[in-house]
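Residue-level listing of the chains:
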Amino acid sequence: MSTNNNIAQARKLVEQLRIEAGIERIKVSKAAADLMSYCEQHARNDPLLVGVPTSENPFKDKKPCIIL
Amino acid sequence: MGEMEELRKEADNLKDQITEARKVVQDTTLQEAVAGTTLVGRVQLKTRKTLRGHLAKIYAMHWGTDTKLCVSASQDGKLIVWDTLTTNKVNAIPLKSSWVMTCAYAPSGNMVACGGLDNMCSIYNLKGKDGNVKVMRELAAHTGYLSCCRFLSDSEIITSSGDCTCILWDIETGTEKTIFAGHLGDCMSLAVSPDFKMFISGACDFTAKLWDIREATCRQTFSGHESDINAIGFFPNGNAVITGSDDATCKLYDLRADQELITYQDSGIMCGVTSLAPSLSGRLLLAGYDDFNVNIWDMLKAERVGVLAGHDNRVSCIGVSSDGMACCTGSWDSFLKIWN
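Reading guide: rules and limits
- Residues numbered from 1 in each chain as written.
- Chains lettered and ligands numbered in written order.
- Predicted model: local features only at pLDDT ≥ 70, side-chain atom pairs only at ≥ 80, totals over all residues.
- Heavy atoms only, no water.
- Contact = heavy atoms within 4.5 Å.
- Buried area = accessible area lost by both parts, 1.4 Å probe.
- Salt bridge = Lys/Arg side-chain N within 4 Å of Asp/Glu carboxyl O.
- Polar contact = N/O pair within 3.5 Å; in protein donor to acceptor, adjacent residues only side chain to side chain.
- Helix = DSSP H or I, 4+ residues; strand = E, 2+ residues; numbered from the N terminus.
- Expected span 1.5 Å × (residues − 1).
- Buried < 20%, exposed > 50% of the residue type's maximum accessible area, 1.4 Å probe, protein only.
- Arc of directions from axis to C-beta.
- 1 Å grid on protein atoms, 1.4 Å probe; cavity = no way out; pocket = protein on both sides within 12 Å on 5 of 7 lines; lining within 4 Å.
- Points joined across faces, edges and corners; volume = space filled by probe spheres on them.
- Nonpolar A, V, L, I, M, F, W, Y, C, P; charged D, E, K, R; others polar.

1. What to know about the interface of chain A and chain B
Part 1 of the argument: The partner chain B presents 62 residues to the 40 residues of chain A that form the contact.
Part 2 of the argument: For the pair chain A and chain B, the two sides together bury roughly 4300 Å², of which 71% comes from carbon and sulfur.
Part 3 of the argument: For D258(B), the salt bridge goes to R25(A), with nearest N and O atoms at 2.9 Å.
Part 4 of the argument: Here chain A and chain B share 13 residue pairs in polar contact (both at pLDDT 80 or more) between them.
Part 5 of the argument: Mapped by element, the contributors of at least two residues to the side of chain A that touches chain B are α1 (2–21), α2 (28–42) and α3 (47–50) of chain A.
Part 6 of the argument: Sort the elements by how many residues they give to the side of chain A that touches chain B and α1(A) lands first, with 12 residues.

Okay, structure coming up:
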């Protein structure tokens, strides 16, 4: 019967919401600080952020040498 | 009161509890916290390589872990493994079904996977003895299209489907280990946490869900989007999740604070987000849109700091290589481009 199905679904939803309601949460100030800190720590090693010098860029086409 | 009424009331109570609990820890906003941080300077990336070879729309791409190889999937019915440095095609794998929507590279580099409207995830062994690439397994159980797949290892893969579920498979036996049900709409995308213990899924019910792989449970659900979530990814330290939606915005959700921290939006952007990838440090968010562009966002300040314009059709997929050296975009214009 569809009523039993609906009740089963509703029970599952309540169970799931109980799990989600019960988790521990940290303060947004801490979460934000940790994100900022991670970005700062890894900034200098982020090639797309700081740029890649041509000589070290494996994707940059090297100009062929011409023997005159 | 009937049981249905009671359950409905309890569900509403719990939802209110969650909303309250999230407010309690909201002692500031990300915007306020980064007020003193300088905006990233303008980011200008150039196309370094164009990978030509597909004959139809490209729907997905995925970088290999250790190398400069990547795999792409197109509705021309082919999976192509590319050497992005030389632009050579290492493998061109013909597919049984050309309606492919996703592809993935195993961390080991030994296998690739793909799937789509055939509702199956096909695993290909790249390192077969005779050098031929053959189908190793066909994982069939989903009752809807395969939207995304990601390997945990050579023996396990997670798939997301239009049937609203995600499945963890045992590749060896070709069977389902765990079915992750809970979404109320098509699952469109998934991403695995850096420590491989969790994964997140984005769906057409406008929510993102965080799943514990071994416990087989949904830990958290994130709402806020006003339309389908098409793309999802982890912030590099695994503590936050980024989503991209048809509502033209991307959002950053923190897992430990259990809430949205910021939205990446601009009144000038009115089309859906198709794909996204963070840069190595997490400071940049690269997102592909339906208007053929990729917008680059300062992830902390939530301002646009760059644009990648180079495709002649929708950008359907994007990925940043594991060493952060380059970004690859795939498009409906049939080309892939490598940028840095």
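2. Brief notes about the pattern of salt bridges
Part 1 of the argument: Under the criterion given, the structure shown has 16 salt bridges over all chains.
Part 2 of the argument: Between E138(B) and K96(B) there is a salt bridge, with its nearest N and O atoms 2.8 Å apart. Pair noted here: E138(B) is in strand β9 (residues 134–140) and K96(B) is in the loop between β5 (88–94) and β6 (100–105), with a separation of 42 residues, a long-range link.
Part 3 of the argument: Overlapping salt bridges, with partners in common, bring together R25(A), R22(B) and D258(B) in one network.

3. Concerning α2(A)
Part 1 of the argument: Here α2(A) spans 21 Å end to end across 15 residues, near enough to the 21 Å set by a 1.5 Å rise per residue.
Part 2 of the argument: If you check which residues of α2(A) are buried, you get V28(A), A31(A), A32(A), L35(A), Y38(A) and C39(A). Along the long axis of α2(A), the arc covered by the buried residues comes to 125 degrees, so they all point the same way. When the buried face of α2(A) is taken as reference, the exposed residues oriented beyond 90 degrees from it are E40(A) and Q41(A).
Part 3 of the argument: Its buried side turned inward, α2(A) meets α2 (30–33), β19 (240–245), β20 (250–254) and β21 (259–264) of chain B.

4. Notes on the layout of surface pockets
Part 1 of the argument: In this structure, the second largest pocket encloses a volume near 1000 Å³.
Part 2 of the argument: Contributing to the lining of the second largest pocket are 30 residues, with L13(A), Q16(A), E20(A), G182(B) and K209(B) lying nearest its centre.
Part 3 of the argument: Where the lining of the second largest pocket is concerned, the elements lending two or more residues are α1 of chain A together with α1 (3–24), β13 (175–181), β16 (208–212) and β17 (217–222) of chain B.
Part 4 of the argument: If you tally residues by element for the lining of the second largest pocket, the top one is α1(A), at 10 residues.
Part 5 of the argument: The residue makeup of the lining of the second largest pocket, split by class, is 13 nonpolar, 10 polar and 7 charged.

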